[in-house]
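Coordinate analysis (summary)
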Amino acid sequence: MSEEYIEAIRKKFGNLILDETVSNNETYLTIKKDDAVHICDYLYHTLRSALLSMFATDERARDGCFKIHYVFSCKGDAFIIIQIKIEENLPKFTTLTHKIPSANWYEREIQDMFGLVPVGHPDPRRLIHFEDWPAGLYPLRKDFDIRTKPERVKGEYIYRRVEGEGVYEIPVGPVHAGVIEPGHFRFSVAGEPILNLEIRLFYTHKGVEKLFETMSIDKAVFLAERVSGDNSAAHAVAFCQAVEKLAGIDIPPRAKYIRTILLELERIYNHLGDIAGIATDVAYPFGAAHANRSKELMMQLNEKLTGSRLLRGMNAIGGVRRDIGDKKEMISKELDSLQKDFRELMELLVSSPSVADRIETTGRISTEIAKGLHVVGPVGRASGIDSDIRRDHPYAAYPKLEFKVPVSKEGDVNARTNVRADEVYESITLIRQALSRLHEGEIRKDSGKIPDGCALGYTESPRGETFYWVHISNGRIERCKVRDPSFCNWLAIEYAVLDNIVPDFPIINKSLSLSYSGNDM
Amino acid sequence: MTVEDEMEIMGQRLHEKIKNIFGRSLSIREVDAGSCNGCEVEVNALSNPIYDMERFGIHIVASPRHADMLLVTGPVTRNMELALLKTYNATPDPKLVAAMGSCACNGGIFGETYASGSGVDRFMPVDVYIPGCPPRPQAIIFGLMVAIDKLEQKIRKLEVKA
Ligand code: SF4
């Protein structure tokens, strides 16, 4: 449990802790602003806790200050949340990025959305707002009206420059040639090899976190489903679990199993899509057609079970809306044929030398880089990071089920493909186990009035750990921090492409399976 | 009726229309103007072997300069607005604009915020609206048929003027 971690912190920093509260498996430690860096550094480097999320809240109305929260994961299913207070008249805090590289984007996000400045940040440019956004406007401050339409001002975005003889730039996007989401990539190349890549995202920023604050809790579940559309179930369950946790609702066992089945169905169709994408990009259309066909059949199954090809509308606070228990047979029949087809597909893929040639050693991410950036999900696992929320911080029916977490060390496109393939088999086993244990019973508990409080909710989506931190006050959402796995993984692409050739970029990109919408929100 | 049968019937009708009007394929440029990516999942599904829309004469092109139609998804975010307008201006006339998904139709669940623009028709003329969140592949095909009927009317008007 977190006890030994807290004990260690108390021993070393006892006098710095101003306040300590515990709720469920979350321990909140309030400390003096200037000491955050030391304690976070200690948690990260000495106690080896991962920084899972970092965000700010505007609590000026209640406590007269802003707060910044650093969420760390501990062994034994516990979390430590370090909190610091920031006065409005001194809106600054010391950057953590030099100590924990994965703090980089969180701090820039806090700067854009709250106007709190990370002093000493290595890259203090804007992240979410573009250059035409006026200075001094911070959307997540409580006094910012969501419907404000700020004028466009003149400004310039400075890209990193790589100079030298024969070095030239290739700008790509935001509107791409294929049917994918918008983002801008700027390559610096010398001939074919990529010397530098700078990504620029947030084209699809819609103001989702601010929107959460305007919605009733029940409606917010639908918004969570649309943060990253192809990970609807994972987002909805993470949000629901946060609310259920703070309200002390233990959902019925049958609902837990149904949620688990939905989450694994989501993983299967996403992984099939990613494998199809990789096959397309290595010019192996036969494999791509094969995988895309399987994906379509799974999406049709989704629709038969839930009414939605993307598994939407099923989750609700307190359980699920619709029972799928009467369709057990249909599900297991589909899984049988999927398993057979998928095995054939993977045999084809691994036995094709032209595929191996394109994906082996391509787009390598070392374990060291992956750790530093906190790369999550199958991409992290393919780079040797053995973590999976389903096992490390279990939820829904996962504690009752058996499954393996595939890990590989290579960190290339090949490893990412294989990890996903192994996960498809694991998902099939998980669904089979869940189906066999689906006992009769209710599927939803009345949630009643949700009490005030805050809690973390989390799932392992097909892309990796997905976090929600929800704060409810007077039955309304006061703050909802969403952390999609892509927010962690995007920066890895800048490393993965180095020394690779431009034509391999699409394969590397596909193998990382990054969500733009989930990242931009 | 299976999905395949539905597709066969709708696809053949669509194919007829496309052949009559264009005498070649209908070229579409898809623009994600801030979608949640759910709509893209369904546009991509149209290319899988079960729907395989290319056989009915629907072709996704890489550049707006080669497009007859823009298929726009998402509520049009502040950060995508300029890119969308540039893409629109780069598409040759007479062109069609289809707003696909609830977001593109009227902002959907995101609606009007500081960063989201409540639908494509605030920014450019829209010829067809394809509702749904996301619309099923069959609904997209149906929307395309309606769009082509509209184009026929547009061309007639141009001819009358000439
Ligand atoms: S209409 Fe629905 S699926 Fe399409 S982009 Fe909007 S929220 Fe996503």
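These figures come from a predicted structure and were not determined experimentally. (Residues numbered from 1 in each chain as written. Chains lettered and ligands numbered in written order. Predicted model: local features only at pLDDT ≥ 70, side-chain atom pairs only at ≥ 80, totals over all residues. Heavy atoms only, no water.)

1. What to know about the overall build of chain A
Helix and strand content of chain A: 19 helices and 15 strands. The C-alpha radius of gyration computed for chain A amounts to 23 Å, which stays within 12% of the reference 24 Å derived for 521 residues, consistent with globular compactness. Principal-axis analysis of the C-alpha atoms places the extent of chain A at approximately 70 × 65 × 50 Å. Split into buried and exposed, the 521 residues of chain A put 63% on the buried side. A total of about 19300 Å² of accessible surface is found on chain A, and carbon and sulfur atoms cover 51% of it. Side-chain charges of chain A comprise 69 positive and 76 negative groups, with the mean position of each set lying 3 Å from the other. (Helix = DSSP H or I, 4+ residues; strand = E, 2+ residues; numbered from the N terminus. Rg over C-alpha atoms; globule rule 2.2 N^0.38 Å. Buried < 20%, exposed > 50% of the residue type's maximum accessible area, 1.4 Å probe, protein only. Areas by Shrake-Rupley, 256 points an atom, 1.4 Å probe, with all protein chains shown as cover. Lys, Arg positive; Asp, Glu negative; His and termini not counted. Charge placed at Lys NZ, Arg CZ, Asp CG, Glu CD.)

2. Details of the site of the ligand
Taken together, Arg226 and Arg312 of chain A together with Ser35, Cys36, Gly38, Cys39, Gly101, Ser102, Cys103, Gly132, Cys133 and Pro134 of chain B form the complete shell of residues around the ligand. Of all the secondary-structure elements, those providing two or more residues to the shell around the ligand are helix H2 (38–45) and helix H4 (101–106) of chain B. The element best represented in the shell around the ligand is H4 of chain B, accounting for three residues. Split into classes, the residues belonging to the shell around the ligand amount to five nonpolar, five polar and two charged. (Near = heavy atom within 4 Å. Nonpolar A, V, L, I, M, F, W, Y, C, P; charged D, E, K, R; others polar.)

3. Some details on the nonpolar core
Residues Ile9, Ile68, Tyr70, Phe212, Phe239 and Tyr468 of chain A are the most contacted members of the largest nonpolar core, which totals 193 residues. Here the element with the most residues in this core is helix H8 (residues 253–281) of chain A; it accounts for 13 residues. In this structure, Met7, Leu26, Ile58 and Val128 of chain B belong to the second largest nonpolar core, which totals 30 residues. (Core = buried A, V, L, I, M, F, W, Y, C linked by side-chain atoms within 4.5 Å.)

4. So, the pattern of salt bridges
Residue and element names in this part refer to chain A. Counting across every chain of the model gives 57 salt bridges over all chains. Asp230 is the partner of Arg463 in a salt bridge, and the nearest nitrogen-oxygen pair spans 2.9 Å. Of the two residues, Arg463 is situated in the loop between strand S13 (453–461) and strand S14 (464–473) and Asp230 in the loop between helix H6 (217–225) and helix H7 (232–247); the sequence distance between them amounts to 233 residues. When sorted by exposure, Arg463 lands in the same class as Asp230, which is buried. With a closest N to O distance of 3.0 Å, Arg267 and Glu264 form a salt bridge. In this pair, Arg267 and Glu264 are both assigned in helix H8, three residues apart and thus about one turn of the helix distant. Accessibility assignment for this pair places Arg267 and Glu264 in one class, buried. (Salt bridge = Lys/Arg side-chain N within 4 Å of Asp/Glu carboxyl O.)

5. Things to note about the interface of chain B and chain A
At the interface, 44 residues of chain B touch 56 residues of chain A. Note on chain B versus chain A: buried area summed over both sides is about 3900 Å², and carbon and sulfur give 59% of it. Its largest share of buried area at the contact with chain A, chain B owes to Arg78, Asn79 and Tyr114 of chain B, together 23% of the area lost on that side. Viewed at the interface, chain A and chain B are joined by five salt bridges. Looking at the side of chain B that touches chain A, the elements that each hand over two or more residues are strand S1 (26–32), H2 and helix H3 (78–90) of chain B. A breakdown of the residues in the side of chain B that touches chain A according to their chemical character gives 23 nonpolar, twelve polar and nine charged. (Contact = heavy atoms within 4.5 Å. Buried area = accessible area lost by both parts, 1.4 Å probe.)

6. Some thoughts on the environment of Ile365 of chain A
Residues and elements named next belong to chain A. Secondary-structure assignment places Ile365 in the loop between helix H11 (353–359) and helix H12 (367–373). Judged by relative accessible area, which is 2%, Ile365 ranks as buried. The spacing of Ile365 and Leu498 is 133 residues in sequence and 9.7 Å in space, taken between C-alpha atoms. Not counting chain neighbours up to four residues away, the residues in contact with Ile365 comprise Ala370, Val379, Ser383, Gly411, Arg416, Ala492, Ala496 and Leu512.

7. Points about the layout of surface pockets
Where empty space is left becomes clear once a probe the size of a water molecule has been rolled over the atoms. Reported here for the largest pocket is a volume of approximately 1500 Å³. Looking at the largest pocket, it is lined by 50 residues, and the ones nearest its centre are Val179, Ile180, Gly277 and Lys510 of chain A together with Asn44 of chain B. Breaking the lining of the largest pocket down by element, the ones donating at least two residues are strand S8 (167–172), strand S9 (184–190), H8, helix H9 (285–306) and helix H18 (505–512) of chain A together with H2 of chain B. Ranked by residues supplied to the lining of the largest pocket, first place goes to H8 of chain A with eight residues. For the lining of the largest pocket, a count of residues per class yields 26 nonpolar, 14 polar and ten charged. Three or more residues apiece are contributed to the lining of the largest pocket by two domains, here domain 2 (167–200) and domain 3 (208–519) of chain A. Considered as a void within the structure, the second largest pocket measures approximately 720 Å³ in volume. Taken together, 26 residues make up the lining of the second largest pocket; nearest its centre are Arg48, Ser49, Ala50, Lys371 and Ser387 of chain A. Those elements that provide at least two residues to the lining of the second largest pocket are helix H2 (36–46), strand S3 (50–59), strand S4 (65–74), H12 and helix H14 (389–392) of chain A. Among the domains, domain 1 (2–119) and domain 3 (208–519) of chain A are the pair contributing at least three residues each to the lining of the second largest pocket. (1 Å grid on protein atoms, 1.4 Å probe; cavity = no way out; pocket = protein on both sides within 12 Å on 5 of 7 lines; lining within 4 Å. Points joined across faces, edges and corners; volume = space filled by probe spheres on them. Domains from an automatic or database assignment.)

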